[in-house]
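Below are the chains, spelled out letter by letter.
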Amino acid sequence: MAHLLRIDSSSRLQDSHSRGLADEIQAAWQARHPGGQVTRRDLVVEPLPHISDATIAGFFTPEDQQTTQTRAATGLSDRLIAELQAADTILIGVPMYNFSVPSALKAWIDHIVRIGHTFGFDPEKGLHGLLGGKAVLIAAAYGASGYVDNGPYAAMDFLAPYLRGLFNFLGLSEVEFFAVEGSSTDPAAMDASLKKTREDIAYRFGATISACAG
């Protein structure tokens, strides 16, 4: 059975453009995969704690040396990684905050990027990803225009290259971005980018997608 893991990270629970775009992508995915399973984790409704000293110690404790304390410290990471491993498509709804990702998403990332679970190291291969065979779809919202398609502010976009590099590092090479721009500053640019992105979604999933909340 096809399985989509959706992660939302916008602090806006209403009128969020990244959430609206993720809604459209999820609708397209479900139309393509009737009966497919969707697991949703909202990092704002249910925020994650930052990793702690105990968490890091647990990450680097060999399996045969784990204690009750280290297992408890890494229990949340175990659950988040299990969600990630169970899915074959990962959908991330993310707005740009101050040129990068929201701290809510960074907290999730810090729990799931874990040696021996999502990436490994050995002397011959060096660092290498342990995830594979999954598609990553990014629903991104930029408040201003000029970040995507080599626009004048492209050099300030640390969101897209960071997420692409991160998932590539974990072994996920199929990372696709669907973005809207100008959501806070330029209604005309917002409308144009949303129209183009909806066309991209329809092309990606081979169907015409009805408009959802922007």
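Refer to the structure above for everything that follows.
In this numbering scheme, every chain counts its residues from 1 along its sequence in written order. With the structure being a predicted model, the display of local features is reserved for residues of pLDDT at least 70 and the display and counting of side-chain atom pairs for 80 or more, all residues being used for whole-chain, interface and lining totals. The side-chain figures draw on all heavy atoms in the structure; neither hydrogens nor water molecules are used.

Asks: So what exactly am I meant to see when it comes to the sheet that holds strand β6 (residues 135-142) here?
Replies: Within a beta sheet, neighbouring strands are joined by backbone hydrogen bonds and run either parallel or antiparallel to one another. Pairing between strands is defined by DSSP: at least two bridges between them are needed. Strands here are runs of E lasting at least two residues and helices are runs of H or I lasting at least four, both read from the DSSP assignment and numbered beginning at the N terminus. The strand order β2-β1-β3-β6-β7 describes an open sheet built from five strands, whose pairing is parallel. The outermost strands of the open sheet, each flanked by one partner alone, are β2 (37-42) and β7 (174-181). Across the sheet, the mean angle separating the axes of adjacent strands is 15° when strand polarity is ignored. For strand β1 (residues 3-8) and strand β3 (residues 89-95), the ladder comprises five bridges, and the chain directions are parallel. Looking at the pairing, Ile 7 lines up with Ile 92 of β3. Together, β1, β2 and β3 form the strand contacts of helix α4 (residues 75-86), whose direction differs from that of β1 by roughly 135°. Only heavy atoms matter for contacts: two residues are in contact if any of them lie within 4.5 Å across the pair. All axes here are fitted lines through C-alpha atoms, helices being fitted over the stretch that makes contact, and every angle between N-to-C directions spans 0 to 180 degrees. Across the sheet, helix α5 (residues 103-112) touches β1, β2 and β3, and the angle it forms with β3 is around 145°.

Asks: Sorry if this is basic, but what is going on with the pattern of salt bridges here?
Replies: Charged atoms that come close allow side chains of opposite charge to pair. The working definition used for a salt bridge is a side-chain nitrogen of Lys or Arg within 4 Å of a carboxyl oxygen of Asp or Glu. Throughout the structure, instances matching the rule amount to 13 salt bridges. A salt bridge links Arg 40 to Asp 8; its shortest N-O distance comes to 2.9 Å. Taken as a pair, Arg 40 in strand β2 and Asp 8 in strand β1 lie far apart in primary sequence, 32 residues in all. Assessed through its relative accessible area of 45%, Arg 40 is described here as partly exposed. Close ionic contact of Lys 106 with Asp 110 constitutes a salt bridge, the shortest N to O distance being 2.7 Å. Placement of the pair is Lys 106 and Asp 110 together in helix α5, with a separation of four residues, close to one helical turn. When salt bridges with common partners are traced through the structure, they connect Arg 6, Asp 8, Asp 23 and Arg 40 into a single cluster. Burial classification: accessible surface area is computed with a 1.4 Å probe over protein chains only, and a residue below 20% of its type maximum counts as buried, one above 50% as exposed, and the rest as partly exposed.

Asks: Is there a simple way to think about the pairing of β6 in this case?
Replies: Along a regular strand, successive side chains alternate from one face of the sheet to the other. The buried count for β6 comes to eight of eight residues, which makes it a mostly enclosed element. With burial as the criterion, each face of β6 is covered, one bearing Ala 135, Leu 137, Ala 139 and Ala 141 and the other bearing Val 136, Ile 138, Ala 140 and Tyr 142. Relative to β6, β3 runs parallel, the two being bridged by seven bridges. Each bridged residue has a counterpart across the sheet, and for Leu 91 the counterpart in β6 is Leu 137. The pairing of β6 with β7 spans eight bridges and is classified as parallel. Bridge assignment links Val 136 to a residue of β7, and that residue is Val 175. Remark: the β6/helix α6 (residues 159-169)/β7 crossover connection has right-handed handedness. When the strands point away from the viewer and the connection leading from the first strand across the helix to the second strand turns clockwise, the crossover is called right-handed.

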